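Chain residues, written in single-letter form:
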Amino acid sequence: MPDPALQLQRLYVAGFDLQTFDLFPKCVGVVRDDCIALLVPTPDGLQMLGTPGWRLGEVMGVLTEEKGRKVFQAKQLTVEATPERLEALRRFREDVAAALQAGGSQRAHPEIPG
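Thresholds, definitions, all that
Residues numbered from 1 in each chain as written. Predicted model: local features only at pLDDT ≥ 70, side-chain atom pairs only at ≥ 80, totals over all residues. Heavy atoms only, no water. Phe/Tyr/Trp six-rings, centres within 6.5 Å; stacked < 30°, edge-to-face > 60°. Helix = DSSP H or I, 4+ residues; strand = E, 2+ residues; numbered from the N terminus. Buried < 20%, exposed > 50% of the residue type's maximum accessible area, 1.4 Å probe, protein only. Core = buried A, V, L, I, M, F, W, Y, C linked by side-chain atoms within 4.5 Å. Contact = heavy atoms within 4.5 Å. Expected span 1.5 Å × (residues − 1). Axes fitted to C-alpha atoms, helices over the stretch in contact; angles between N-to-C directions. Parallel < 35°, antiparallel > 145°, perpendicular 65-115°, else oblique. Left-handed = near helix turned anticlockwise from the far one by under 90°. Nonpolar A, V, L, I, M, F, W, Y, C, P; charged D, E, K, R; others polar. Pairing = 2+ DSSP bridges.

So what about the packing of aromatic side chains? Which residues, and what values?
Considering all chains together, one arrives at two aromatic pairs under this definition. With 5.6 Å between their ring centres and 65 degrees between their planes, F16 and F92 make a pair best called edge-to-face. Of this pair, F16 sits in the loop between α1 (4-13) and β1 (17-21) while F92 sits in helix α2 (residues 83-100); the two residues are 76 residues apart in sequence, bridging distant segments of the chain. Classification of F16 as buried rests on a relative accessible area of 1%. Judged by relative accessible area, F92 falls into the buried class, the value being 1%. Judged by centre distance (5.5 Å) and plane angle (25 degrees), the ring pair of W54 and F72 falls under stacked. In this pair, W54 sits in strand β4 (residues 45-56) while F72 sits in strand β6 (residues 69-74), placing the two residues 18 residues apart along the sequence.

Below is the structure:
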């Protein structure tokens, strides 16, 4: 089982900011380049809760469609899901997943021992 403390350390060293949120007291927020994911402790270590999204102020915008175009939306806040933002989110999701896996930090940050 992955050690949550080591998982958090790998995320931090890989350049992710770690945050807590009053609305989600049992989760840890992982933020980088305006992308955000919520992590929750499980018997198998930390796991992503739901799908990562785009940070819109203090909330997370989820990818959705509005009037035929892709947007990140949280209540009344929206931001266009540009190809650059979608690519940043894809890389973010892969890097978080790699850091959460035992030894996965080598893929996200080659100079860090797993």
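Residue-level account of the nonpolar core, with values.
The nonpolar side chains of a soluble globular protein tend to be buried with one another. Ranked by size, the top nonpolar core spans 20 residues in total, and within it L11, F16, V30, L39, W54, F92 and V96 carry the most contacts. Residue assignment for this core shows that the elements contributing at least two residues are β3 (35-42), β4, β6 and α2. Ignoring anything within four residues of it in the chain, the contact list for V96 reads L11, F16, V30, L39 and M48. Counting residues in each nonpolar core, the second largest holds five residues, with F21, V31, I36 and L38 among its members.

Can you lay out α2 for me, pointing to particular residues and giving the numbers?
The first and last C-alpha atoms of α2 sit 26 Å apart over 18 residues, in line with the 26 Å expected at 1.5 Å per residue. Among all positions in α2, only A88, L89, F92, D95, V96, A98, A99 and L100 are buried.

Mind laying out the packing of α1 against α2, listing which residues take part and the relevant values?
It is the contact of α1 with α2, at a shortest axis distance of 8 Å, that shows an interaxial angle of 140 degrees. The pairing of α1 with α2 is recorded here as oblique in orientation. Crossing of α1 against α2: the hand is right-handed. Across from Q7, R10 and L11 in α1, the residues of α2 making contact are V96, A99 and L100. For the contact of α1 with α2, the class distribution of residues is four nonpolar, one polar and one charged.

Can you explain the sheet that holds β3? Please cite residues and give values.
Strand order in the open sheet formed by seven strands is β1-β2-β3-β4-β5-β6-β7, with antiparallel pairing between adjacent strands. The open sheet has two edge strands, β1 and β7 (77-80), and neither has a second partner. Neighbour to neighbour, the strand axes of the sheet diverge by 35 degrees on average, direction disregarded. Here three bridges tie β4 to strand β5 (residues 59-66), and the two strands are oriented antiparallel to one another. What sits directly across from W54, in β5, is G61. Those strands touched by α1 are β1, β2 (24-32), β3 and β4, and its axis lies near 35 degrees from that of β4. The strands touched by α2 within the sheet are β2, β3, β4, β5, β6 and β7, with β4 carrying the most contacts at an inclination of about 160 degrees.

So, to be careful, I would describe these as geometric facts and stop short of saying anything about function.
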